[in-house]
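What follows is the residue order along each chain.
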Amino acid sequence: GDSVTQMEGPVTLSEEAFLTINCTYTATGYPSLFWYVQYPGEGLQLLLKATKADDKGSNKGFEATYRKETTSFHLEKGSVQVSDSAVYFCALSDRKGNLIFGKGTKLSVKP
Amino acid sequence: EAQVTQNPRYLITVTGKKLTVTCSQNMNHEYMSWYRQDPGLGLRQIYYSMNVEVTDKGDVPEGYKVSRKEKRNFPLILESPSPNQTSLYFCASSHRDGTDTQYFGPGTRLTVL
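Residues numbered from 1 in each chain as written. Chains lettered and ligands numbered in written order. Predicted model: local features only at pLDDT ≥ 70, side-chain atom pairs only at ≥ 80, totals over all residues. Heavy atoms only, no water.

1. Some remarks on the pairing of strand β4 (residues 23-26) of chain A
All names here are of chain A. Here β4 shows a buried face lined by C23 and Y25 and an unburied face lined by T24 and T26. The pairing of strand β1 (residues 3-6) with β4 spans 4 bridges and is antiparallel. Opposite Q6, over in β4, you have C23 as the bridge partner. (Buried < 20%, exposed > 50% of the residue type's maximum accessible area, 1.4 Å probe, protein only. Helix = DSSP H or I, 4+ residues; strand = E, 2+ residues; numbered from the N terminus. Pairing = 2+ DSSP bridges.)

As structure tokens, then:
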């Protein structure tokens, strides 16, 4: 079945460091891909998405490119801030239109 | 304000005592879904609904029931809770299905003793 694998955390970075969180997927067909973020004590919220190969999603300085050839959707940010500390979830939409999530990666940014 | 609300936010109960977690959205969304979040397992879908009176099982439906009598409400029912249902539960809604932006509620932390 469809699945999402993302890098294990936690990830700890200093402020202004470069961030990469790896995400790869297995799916039949051509799913849409998502990154959701969960700030402490809150529900998830959509960070960015891409609906077809080579699309780049971007928001709040974060970017991810839909790579069909490597079945990947890695999340990047050039300069992280303390306020980016959160849990990040990669997800894909299956053929029924439901989301399948990765296990999440906790990011801690130190001043 | 567009939002998904869940009640209660926190609940401690005992094995076998029926409970309902309510979920309501004010965005006229057709699609609603319940997830549970457990450490090391991420989010797993319990049930979803594509519209009123249309519900279907997700990946982990055992021990749960849902209903969708009105578009805005999607309650989660645990008829006989067990300790392995201790978890953090999220309700979410979106316009059409999971490919649209899903809006999540604040979560309900359930402990079953």
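2. Things to note about the state of the cysteines
Where two cysteines share a covalent bond between their sulfur atoms, that bond is called a disulfide. Residues and elements named next belong to chain A. Counted by the stated rule, this structure contains 2 disulfides over all chains. Here C23 is linked by a disulfide to C90, with a sulfur-sulfur distance of 1.9 Å. Judged by the sign of its S-S torsion, about -70 degrees, the bond between C23 and C90 is left-handed. One end of the pair, C23, is in strand β4; the other, C90, is in strand β10 (residues 86-93), and 67 residues separate them in sequence. The buried category is assigned to C23, whose relative accessible area is 1%. Judged by relative accessible area, C90 falls into the buried class, the value being 1%. (Disulfide = S-S within 2.5 Å.)

3. Looking at the packing of aromatic side chains
In total, this model carries 12 aromatic pairs over all chains according to the counting rule given. Between A:F101 and B:Y35, the ring centres sit 5.5 Å apart and the planes meet at 85 degrees, which makes this aromatic pair edge-to-face. One end of the pair, A:F101, is in strand β11 (residues 99-101); the other, B:Y35, is in strand β4 (residues 31-38), on a second chain. Each member of the pair, A:F101 together with B:Y35, is buried. An aromatic cluster is built from A:F34, A:Y36, A:F89, A:F101, B:Y35, B:F90 and B:F104, whose rings are joined through pairwise contacts. (Phe/Tyr/Trp six-rings, centres within 6.5 Å; stacked < 30°, edge-to-face > 60°.)

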